[in-house]
Number of protein chains: 2
Amino acid sequence: MSAGLGPIDQIAAELARLPSIGRKTAQRLAYHIVSMPVERVQALSDALIEGRRAVRFCDRCGNYTTGELCTICANDERDRSQLCVVRDPRDVAAMERVHDYRGLYHVLHGVLSPMDGVGPADIRIRELLQRLQDDTVREVIIATNPDIEGEATAAYLARLIKPMNVRVTRIAHGVPVGSDLEYADEVTLSKAMEGRREL
Amino acid sequence: MSAGLGPIDQIAAELARLPSIGRKTAQRLAYHIVSMPVERVQALSDALIEGRRAVRFCDRCGNYTTGELCTICANDERDRSQLCVVRDPRDVAAMERVHDYRGLYHVLHGVLSPMDGVGPADIRIRELLQRLQDDTVREVIIATNPDIEGEATAAYLARLIKPMNVRVTRIAHGVPVGSDLEYADEVTLSKAMEGRREL
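Small disclaimer: the values here were computed from a predicted structure and weren't measured.

## Side note on the domain arrangement of chain A
Here is step 1: Domains assigned within chain A are domain 1 (6-54) and domain 2 (78-174).
Here is step 2: Placing the centre of domain 1 of chain A and that of domain 2 of chain A at their C-alpha centroids yields a distance of 35 Å.

Set out below in C-alpha cells:
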C-alpha cells in the first residue's frame, strides 16, 4: 500500500518482530489478517493476550503452567527420582512428545554464557540444587543442547551435583536417526564414534 | 507441552490458521509469545484487532483504506485516464512498490473461476463498468495474474470494455528479469517469444 495507510503496515511491523517472520511474510500475513472476518481476528487477538496472561512458571520446575504447579510436577504417576534438566520450556515439550521419559524436569531458563553475560546466578541453578536436598532425586539427566554453552552448563552442573551423591548423566550425542552419515558434521560423527555401544 | 496446558496450544492453533504458518512454526511462535513481556503481546494483539477494525474498502476502487477513499484515489496528482485492474489489494501494493504507474486502480476482489463458482456478479465488474461511464478513463490495463483464471478474466473484461471505446491492454508476459532462461517454463518462454520487440 502507499505510505498513507497505517493499520496494515502496523500489523506487519508487529508480526515482523516475531522470530522466523521476515518482512515479506509479515506483510503477506497483515494483508491476510485485514481480509479476515472481524470475529476471527478477535479470536486470534484474544488467544494471544489471554494466553500470555494465563501462562506463568511452575513454582517447582520452571515449566509453563496456568496453576501453581505444571501438569508434570502435579502428576503423581511421574517418577520423582529422575530430574531432566533443560534450557527452556520448549525443550520440555520436545521431550514430552517422545513419551519415553517418566521423570520430572527442571527448566534452567537459559544456559551459562559468559559471552552474553549469563552466569550461574542468572539461571535457575540455585533452585535445582534446592530440589536435590531432600534425597528424593537419584539421577539428574542433563539435556541442555549439544552446543558450546550447553556443554559448558552440563559440565558446570555435573561438578556441583556429583558431590551431593546424585548420579549425573548427559543425553547421548550422535548421528540423528534417519539422517545420512554423509551429511553429518565431523563433531557429531566423532561424538557418535566416541559413544558407540556393543551390539 | 503435555495435554493439560491450554493457552500455548490455543495460541498455536490460532496462528496455524494463518497462511504459510505450519503446525511447527505456530508452536514455536506460541512459545515465543508466552515468553514475551505482557506489554509487547498487548501491542501485537491490539495491532491485529484495531488494524482489522480500522481497515475498509475504498468506495471507488476497492483498495484497502481507513477513510472513504484510499490514498491513491484521493491523490489529485494521479492520472485519472488510466485504470489498472487487479485481483486484490495486495496487487495494488505490489504495483505501487514499482513507482512507475501514476494512474488509478480497480480491485476486483477475485477473478472469474467457474470451478470455484465465482461468476461475473461475484467480483467487482459492475463497479468497474460504472467507473468507465463518464469518459474520463481512456485506458484499462488488466493486471490480473498470468494464470488460467487471470487470463479468462482479462479476456472477459476486454470483451465487455472494448465496445465502450476504451483502450484495453494487458500487462506483458515473459521471462522475469534476473532469472535464468534455463529455468523458465515452456509457457512463459512461448509468451516471451510471442511478445518480443524490435531492438
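## Some details on the packing of helix α1 (residues 6-16) of chain A against helix α2 (residues 23-35) of chain A
All names here are of chain A.
Here is step 1: With their axes 8 Å apart at the nearest point, α1 and α2 run at an angle of 130 degrees to one another. Here α1 lies oblique to α2, going by the angle between them. Note that α1 runs across α2; the crossing there is right-handed. The residues of α2 that touch α1, namely those facing Ile8, Asp9, Ile11, Ala12, Leu15 and Ala16, are Ala26, Gln27, Leu29, Ala30, Tyr31, Ile33 and Val34.
Here is step 2: Split by residue class, the contact of α1 with α2 holds 11 nonpolar, one polar and one charged.

## Description of the sheet that holds strand β3 (residues 79-86) of chain B
Residue and element names in this part refer to chain B.
Here is step 1: As summarised here, the arrangement of the four strands in space is β4-β3-β5-β6, forming an open sheet in which the pairing is parallel. In this open sheet, the two strands that pair with only one neighbour each are β4 (103-107) and β6 (167-170). Averaged over all adjacent pairs, the angle separating strand axes in this sheet is 25 degrees, with direction ignored.
Here is step 2: Note: strand β5 (residues 139-142) against β6, four bridges, orientation parallel. In the strand pairing of β6, Val140 is matched with Val168.

## Observations regarding the pattern of salt bridges
Here is step 1: Taken as a whole and assessed by the stated rule, the structure comprises 12 salt bridges over all chains.
Here is step 2: Residue Arg56 of chain A is joined to Asp59 of chain A by a salt bridge in which the shortest nitrogen-to-oxygen separation is 2.4 Å.

## Quick notes on the interface of chain A and chain B
Here is step 1: The interface is formed by 51 residues belonging to chain A together with 51 residues belonging to chain B.
Here is step 2: Buried area between chain A and chain B, both sides added, is near 4800 Å², and the carbon and sulfur share of it is 71%.
Here is step 3: At the boundary of chain A with chain B, the tally comes to two salt bridges.
Here is step 4: For the salt bridge of Arg40 of chain A with Glu14 of chain B, the shortest nitrogen-to-oxygen distance reads 2.7 Å.
Here is step 5: Inspection of the chain A/chain B interface yields nine residue pairs in polar contact (both at pLDDT 80 or more).
Here is step 6: Contributing elements (two or more residues each) for the side of chain A that touches chain B: α1, α2, α3 (38-54), β2 (64-65) and α4 (89-98) of chain A.
Here is step 7: Ranked by the residues each element gives to the side of chain A that touches chain B, the list is headed by α3 of chain A, at 14 residues.
Here is step 8: Per-class residue counts for the side of chain A that touches chain B are 28 nonpolar, 15 polar and eight charged.

## Remarks on the nonpolar core
Here is step 1: Counting residues in hydrophobic clusters, the biggest one holds 40 residues, and the most contacted among them are Leu15, Ile33 and Leu48 of chain A together with Leu15, Ile33 and Leu48 of chain B.
Here is step 2: Counting residues per element, the ones that place at least two in this core are α1, α2 and α3 of chain A together with α1 (6-16), α2 (23-35) and α3 (38-54) of chain B.
Here is step 3: Residues in contact with Leu48 of chain B, not counting those within four places in the same chain, are Ile11, Leu15, Ile33, Val41, Leu44 and Leu48 of chain A.

## A word on the side chain of Gln27 of chain A
Here is step 1: Within the secondary structure layout, Gln27 of chain A lies in helix α2.
Here is step 2: Once you skip the residues sitting within four places of it in the chain, Gln27 of chain A turns out to touch Asp9 and Ala12 of chain A together with Arg97 of chain B.

## Some details on the sheet that holds strand β4 (residues 103-107) of chain A
Residue and element names in this part refer to chain A.
Here is step 1: Spatially, β4-β3-β5-β6 is the arrangement adopted by the four strands of the open sheet, whose pairing is parallel. A single partner strand is all that each edge strand has here, and the edge strands are β4 and β6 (167-170). Direction aside, neighbouring strands of the sheet carry axes that sit 25 degrees apart on average.
Here is step 2: α4 rests against β3 (79-86) and β4 of the sheet, and its axis sits at about 155 degrees to β4.
Here is step 3: Strand contacts of helix α6 (residues 148-161): β3, β5 (139-142) and β6, with the helix running at about 170 degrees to β6, the strand carrying the most contacts.

## A word on the relation of the copies chain A and chain B
Here is step 1: You can overlay chain A on chain B at an RMSD of 0.1 Å; the transform is a turn of 180 degrees with a shift of 0.0 Å along its axis. A rotation of that kind, with that shift, is consistent with a two-fold axis. Across chain A, the rotation axis passes nearest the C-alpha of Ser45 of chain A, at a separation of 2.3 Å.
Here is step 2: Both copies share a contact surface, since 100% of the interface residues of chain A are interface residues in chain B too.

## Regarding α1 of chain B
Here is step 1: Those residues of α1 of chain B that fall on the buried side of the exposure criterion are Pro7, Ile8, Ile11, Ala12, Glu14 and Leu15 of chain B. Take α1 of chain B and look down its axis: the buried residues cluster within an arc of 165 degrees, on one side only.

## Remarks on the pairing of β5 of chain B
Residue and element names in this part refer to chain B.
Here is step 1: A two-sided burial pattern is seen for β5, the buried positions comprising Glu139 and Ile141 on one face and Val140 and Ile142 on the other.
Here is step 2: Two elements, β3 and β5, share four bridges in a ladder whose sense is parallel. By the bridge assignment, Val85 is partnered in β5 with Ile142.
Here is step 3: Once you follow β5 into helix α6 (residues 148-161) and on to β6, the crossover reads as right-handed.

## Notes on the packing of aromatic side chains
Here is step 1: For the structure on display, the rule yields six aromatic pairs over all chains.
Here is step 2: Here the aromatic rings of Tyr101 of chain A and Tyr105 of chain A are separated by 5.2 Å at their centres, their planes lie at 65 degrees, and the arrangement is edge-to-face. Neither residue differs from the other here; Tyr101 of chain A and Tyr105 of chain A are each classed as buried.
Here is step 3: Through a chain of ring-to-ring contacts, three or more aromatic side chains come together here, namely Tyr31 of chain A together with Phe57 and Tyr64 of chain B.

## Here we look at the side chain of His106 of chain A
All names here are of chain A.
Here is step 1: If you trace the backbone, His106 turns up in strand β4.
Here is step 2: Overall, the relative accessible area of 0% leaves His106 in the buried class.
Here is step 3: Within polar-contact distance, the side chain of His106 engages the backbone oxygen of Arg124 at 2.8 Å.
Here is step 4: Non-local contacts of His106, meaning those with residues more than four positions away in its chain, are made with Arg60, Cys61, Leu83, Cys84, Val85, Val86, Arg124, Glu127, Leu128 and Arg131.

Rules of the game
Residues numbered from 1 in each chain as written. Chains lettered and ligands numbered in written order. Predicted model: local features only at pLDDT ≥ 70, side-chain atom pairs only at ≥ 80, totals over all residues. Heavy atoms only, no water. Domains from an automatic or database assignment. Axes fitted to C-alpha atoms, helices over the stretch in contact; angles between N-to-C directions. Helix = DSSP H or I, 4+ residues; strand = E, 2+ residues; numbered from the N terminus. Parallel < 35°, antiparallel > 145°, perpendicular 65-115°, else oblique. Left-handed = near helix turned anticlockwise from the far one by under 90°. Contact = heavy atoms within 4.5 Å. Nonpolar A, V, L, I, M, F, W, Y, C, P; charged D, E, K, R; others polar. Pairing = 2+ DSSP bridges. Salt bridge = Lys/Arg side-chain N within 4 Å of Asp/Glu carboxyl O. Buried area = accessible area lost by both parts, 1.4 Å probe. Polar contact = N/O pair within 3.5 Å; in protein donor to acceptor, adjacent residues only side chain to side chain. Core = buried A, V, L, I, M, F, W, Y, C linked by side-chain atoms within 4.5 Å. Buried < 20%, exposed > 50% of the residue type's maximum accessible area, 1.4 Å probe, protein only. Least-squares fit on C-alpha atoms with pLDDT ≥ 70 in both. Arc of directions from axis to C-beta. Right-handed = clockwise from strand over helix to strand, strands pointing away. Phe/Tyr/Trp six-rings, centres within 6.5 Å; stacked < 30°, edge-to-face > 60°.

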